Every structure is written in structure tokens, then in C-alpha cells.
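# Commentary on secondary and tertiary structure
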Amino acid sequence: MQGQTVTIREANENDLKAIIALFADDPLGGHGDTSDPEALPDYRAAFHKIAASLNETLYLAELDGEVVGTFQTMVTTTLTARGSASMIIEAVQTRADMRGRGIGAAMISFAIDKARRDGMRLVQLTSNAVRKDAHRFYERLGFIPSHIGFKMKLK
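So, a few notes on the structure that sits alongside this text. This structure is a prediction, so every number in the text was calculated from the model and none was measured.

Our next topic: the nonpolar core. If you look at the biggest cluster of nonpolar residues, it comprises 22 residues, and the most contacted ones within it are Ile8, Ala61, Phe71, Ile89, Ile103 and Ile108. Elements supplying a minimum of two residues to this core: strand E1 (6-10), strand E2 (56-63), strand E3 (66-77), strand E4 (85-94), helix H4 (103-117) and helix H5 (132-140). Sorting elements by how many residues they give to this core places H4 first, with six residues. Membership of the second largest hydrophobic core comes to 14 residues, among which are Leu16, Ile19, Tyr43 and Val67.

So, on to H4. Across its 15 residues, H4 extends 21 Å between first and last C-alpha, which sits within 8% of the 21 Å expected from 1.5 Å per residue. Within the sequence span of H4, burial applies to Ile103, Gly104, Met107, Ile108, Ala111, Ile112 and Ala115. In the core, the buried residues of H4 are packed alongside E1, E2, E3, E4, strand E5 (122-125) and H5. Where H4 ends, the next residue or the one after it, glycine 119, has phi of about 75°, a positive value.

Moving on, we come to the sheet that holds E1. In spatial order, the strands read E1-E2-E3-E4-E5; together these five strands make up an open sheet with mixed pairing. A single partner strand is all that each edge strand has here, and the edge strands are E1 and E5. Shown here is a sheet whose adjacent strand axes are inclined to one another by a mean of 30°, direction ignored. Sheet topology note: the E1/E2 ladder contains five bridges and is antiparallel. Paired with valine 6 across the bridge in E2 is leucine 63. On the sheet, helix H1 (residues 16-24) packs against E2, E3 and E4 and is oriented at approximately 90° with respect to E3. H4 rests against E1, E2, E3, E4 and E5 of the sheet, and its axis sits at about 165° to E4.

Rules and cut-offs
- Residues numbered from 1 in each chain as written.
- Predicted model: local features only at pLDDT ≥ 70, side-chain atom pairs only at ≥ 80, totals over all residues.
- Heavy atoms only, no water.
- Core = buried A, V, L, I, M, F, W, Y, C linked by side-chain atoms within 4.5 Å.
- Buried < 20%, exposed > 50% of the residue type's maximum accessible area, 1.4 Å probe, protein only.
- Helix = DSSP H or I, 4+ residues; strand = E, 2+ residues; numbered from the N terminus.
- Expected span 1.5 Å × (residues − 1).
- Contact = heavy atoms within 4.5 Å.
- Pairing = 2+ DSSP bridges.
- Axes fitted to C-alpha atoms, helices over the stretch in contact; angles between N-to-C directions.

Purely geometric numbers; function is a separate question.
Structure (C-alpha cells):
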């Protein structure tokens, strides 16, 4: 990325198709994401829920005006650790042809810096067990695989 700067900003509704395309192009995600126009109302409804939330923010990364990545943050406050707040980073995706160029690191660094500014106790994320490259990436950035996550699909 010599000479190129990644810009991170909050996503808006006009960015939806580009963000959806990132998820639809992910062979490992297994979320059933699609660029099919019939699915757009589902994505639009989810976007509006995120945008209306005081604790969730959807971001995107741009390079030369092109969407090259996305991630979402959520802030949660618990009674543990004396009522501290934590940031959860979710749905991190870099465009396949742009991986290895520092875009993911720029997105995660942005989220960590925001968490620090906002006084969060910690930043955490989960990663699909099959994403070994992502695990190495997160560990390189200083994340520690400290917990085991569990899921139960309801739909």
C-alpha cells in the first residue's frame, strides 16, 4: 500500500451493496450472504437496526474511493470487572484481492484506538475456527486466544 492511505469511516446506506459484496464473496463464512437483489431488503433492515443502535457501529475501509473492507463494533457493559465496558469487533472482512496490504490491520487499529479513547476495559473478537490465517493475523496484532466460544443456530 505504498503511497496509499486506508480511510475508515462509518458506513451509510449507500455503502450497503459494496459491503454485501464483501460478505457474499467469502467462501469460508457460511452465512448464506448473497448479492441477489431479492436479499437487499433483509440487509437494509439490518443496517437500519445497527444505525439506530447507540451501542453498534458499522464501518468501512476505503482505498482510493473503493470499499475494500468492513467491520462492526459493539459496546457492552457488564457487572463483571466492576461494571466495565468492552468493545466487541465483529464481521471483519477485507476484499479478497486486497488482503495482505494492511487494510485489516488499519481497521483493527482504528477500533482499538476508539475503544481506548472511549475508556473501554478491553477489546475482544471471535473468529471462525476454520480461519487459521485470521487467527495468526489477530495474534500478530496482540490478541490472545483466551476463551472458547459456543453458538447455537436458531434459524
